[in-house]
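Single-letter residue listing:
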Amino acid sequence: MSLQSTDKKYIANTYNRFPVSIVSGKGSVVKDENGKEYIDLGSGIGVTSFGIADEVWQNAITEQISLVQHMSNLYYTEPCVRLAQLLCERTGMKKVFFSNSGAEANECAIKIARKYASDKYGKDRFTIITLNNSFHGRTLTTLAATGQEHYHELFTPLTPGFISVDAGDLDAIKEVHKETPVAGVLIECIQGEGGILPIESTFIKNLNDWCNENDVLFMVDEVQTGNGRTGELYAYMNYGVTPDVVSTAKGLAGGLPLGAVLIGE
Ligand SMILES: *Cc1c(COP(=O)(O)O)cnc(C)c1O
């Protein structure tokens, strides 16, 4: 059987693929099974940020897996601590929580907002506002956060407590907060999955100010925009804003499953 028909037979039918099987590559070039070369402009959707089969990256991983590949959270390991330190030093954030994926990082961000608001304002303040056309992950909670109706179909009921508004519409957010106390706002600075839609910079700035004035956590999903993909280390740095929570993944480990949440004071 050809690879493509074996894929069809054994892999769950959830993604459409192009009829190309990638075997290897180097830098920005990948090769299919016939040796035909392609320029990789997709970077695994923001994942292979060092390029394909980067040597420094390969050596770092090879060295580490020859020492120890995994420890539970019951013990200390140096790479984990050093990465957390580096992320805090480069961003000014205070603490890091590690996960395996972007969806889990966003789940953690949502839990942070709910816990913060519940500790301070009581259990009725749990609503998270997100934007239409956003994408925050494929778990039931991050799907609820995702402001695209077609992703919700067939999977309801999703986790309650999410309201999505149009990008740029700060008045809509103020209206929601009057009726339903808001715990946090979660945005992408450039919406990726939604169609590469940059969010207007004055809106991002005004939203950050409004969040500060109302003690609503300002949370930025940097799963796709993070780790250097917009010129700055994280996309929010292009706007002069200070998020309370930043989630990241994809490019963070250049192709290994790693996510992180950076948490402010
Ligand atoms: C891909 C993506 C996610 C989900 O990340 P996974 O690692 O696939 O769980 C979340 N948010 C944004 C903006 C993404 O692009």
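This is a predicted model, so every value here is computed, not measured.

## Examining the overall build of the protein
Line of reasoning, step 1. Across its full length, the protein carries 8 helices and 12 strands.
Line of reasoning, step 2. Against the 2.2 N^0.38 benchmark of 18 Å for 265 residues, the protein shows a C-alpha radius of gyration of 20 Å, consistent with a compact globule.
Line of reasoning, step 3. With the C-alpha coordinates of the protein rotated into their principal frame, the extents come out at 60 × 40 × 35 Å.
Line of reasoning, step 4. Out of the 265 residues belonging to the protein, those deemed buried represent 38%.
Line of reasoning, step 5. Across the protein, the fraction of contacts at a sequence separation of at least 24, relative to all contacts at a separation of at least 6, is 63%.
Line of reasoning, step 6. A total accessible area of about 15500 Å² is found for the protein, and carbon and sulfur atoms account for 55% of it.
Line of reasoning, step 7. Looking at the protein, you have 22 positive and 32 negative side-chain charges, and the mean spots of the two groups are 4 Å apart.

## Section: the nonpolar core
Line of reasoning, step 1. Ranked by size, the top nonpolar core spans 31 residues in total, and within it I173, V185, I204, L207, W210 and F218 carry the most contacts.
Line of reasoning, step 2. Those elements that place two or more of their residues in this core are β5 (127-131), α7 (170-179), β7 (182-187), α8 (201-214), β10 (217-221) and β12 (259-263).
Line of reasoning, step 3. Top contributing element to this core by residue count: α8, with 5 residues.
Line of reasoning, step 4. Apart from the residues lying within four places of it in its own chain, the contact partners of I204 are I187, C189, I199, F218, Y239 and V241.
Line of reasoning, step 5. C108, L143, L158 and L217 belong to the second-largest nonpolar core, a separate cluster that totals 22 residues.

## As for the site of the ligand
Line of reasoning, step 1. Around the ligand sit S101, G102, A103, N106, F135, H136, G137, E188, D221, V223, Q224 and K250, and those are all the residues in its vicinity.
Line of reasoning, step 2. The backbone of F135 places a nitrogen or oxygen atom 3.3 Å from a nitrogen atom of the ligand.
Line of reasoning, step 3. Between the ligand and D221, the relevant distance is 2.8 Å, taken from a nitrogen atom to a side-chain nitrogen or oxygen of the residue.
Line of reasoning, step 4. For the ligand, whose unbound accessible area comes to 380 Å², protein coverage reaches 82%.
Line of reasoning, step 5. Considering every element that reaches the shell around the ligand, the biggest residue donor is helix α5 (residues 102-121), with 3 residues.
Line of reasoning, step 6. When grouped by side-chain class, the residues that make up the shell around the ligand number 3 nonpolar, 6 polar and 3 charged.

## Some details on the sheet that holds strand β2 (residues 29-32)
Line of reasoning, step 1. Read across the open sheet, the 3 strands follow the order β1-β2-β3; overall the sheet is antiparallel. Across the chains shown, the open sheet's two edge strands, defined by having one partner strand only, are β1 (22-26) and β3 (37-39). Between one strand and the next, the sheet's axes are offset by a mean angle of 30°, whatever the strand orientation.
Line of reasoning, step 2. Relative to β3, β2 is paired through 3 bridges, and the arrangement is antiparallel. Its bridge partner lying in β3, K31 is registered against E37.

## A short note on the packing of α7 against α8
Packed helices, taken two at a time, are described by the angle between their axes plus the distance between the axes.
Line of reasoning, step 1. Here α7 crosses α8 at 20°, and the two axes come no closer than 10 Å. In terms of axis orientation, α7 runs roughly parallel to α8. Here α7 and α8 pass one another in a crossing that is right-handed. Listed contacts from α8 to L170, I173, K174 and H177 of α7 are F203, N206, L207, W210 and N214.

## A look at unusual backbone geometry
Line of reasoning, step 1. The step from T156 to P157 runs through a cis peptide bond, and the omega angle for that step is 0°.
Line of reasoning, step 2. Relative to the elements of secondary structure, P157 occurs in the loop between α6 (140-145) and β6 (162-165).
Line of reasoning, step 3. Look at S43: it is not a glycine, yet its phi comes out positive at around 50°.
Line of reasoning, step 4. Along the polypeptide, S43 turns up in helix α2 (residues 43-46).

Each value, and the rule that gives it
Residues numbered from 1 in each chain as written. Predicted model: local features only at pLDDT ≥ 70, side-chain atom pairs only at ≥ 80, totals over all residues. Heavy atoms only, no water. Helix = DSSP H or I, 4+ residues; strand = E, 2+ residues; numbered from the N terminus. Rg over C-alpha atoms; globule rule 2.2 N^0.38 Å. Buried < 20%, exposed > 50% of the residue type's maximum accessible area, 1.4 Å probe, protein only. Contact = heavy atoms within 4.5 Å. Areas by Shrake-Rupley, 256 points an atom, 1.4 Å probe, with all protein chains shown as cover. Lys, Arg positive; Asp, Glu negative; His and termini not counted. Charge placed at Lys NZ, Arg CZ, Asp CG, Glu CD. Core = buried A, V, L, I, M, F, W, Y, C linked by side-chain atoms within 4.5 Å. Near = heavy atom within 4 Å. Polar contact = N/O pair within 3.5 Å; in protein donor to acceptor, adjacent residues only side chain to side chain. Nonpolar A, V, L, I, M, F, W, Y, C, P; charged D, E, K, R; others polar. Pairing = 2+ DSSP bridges. Axes fitted to C-alpha atoms, helices over the stretch in contact; angles between N-to-C directions. Parallel < 35°, antiparallel > 145°, perpendicular 65-115°, else oblique. Left-handed = near helix turned anticlockwise from the far one by under 90°.

Honestly, it's all geometry; don't read function into it.
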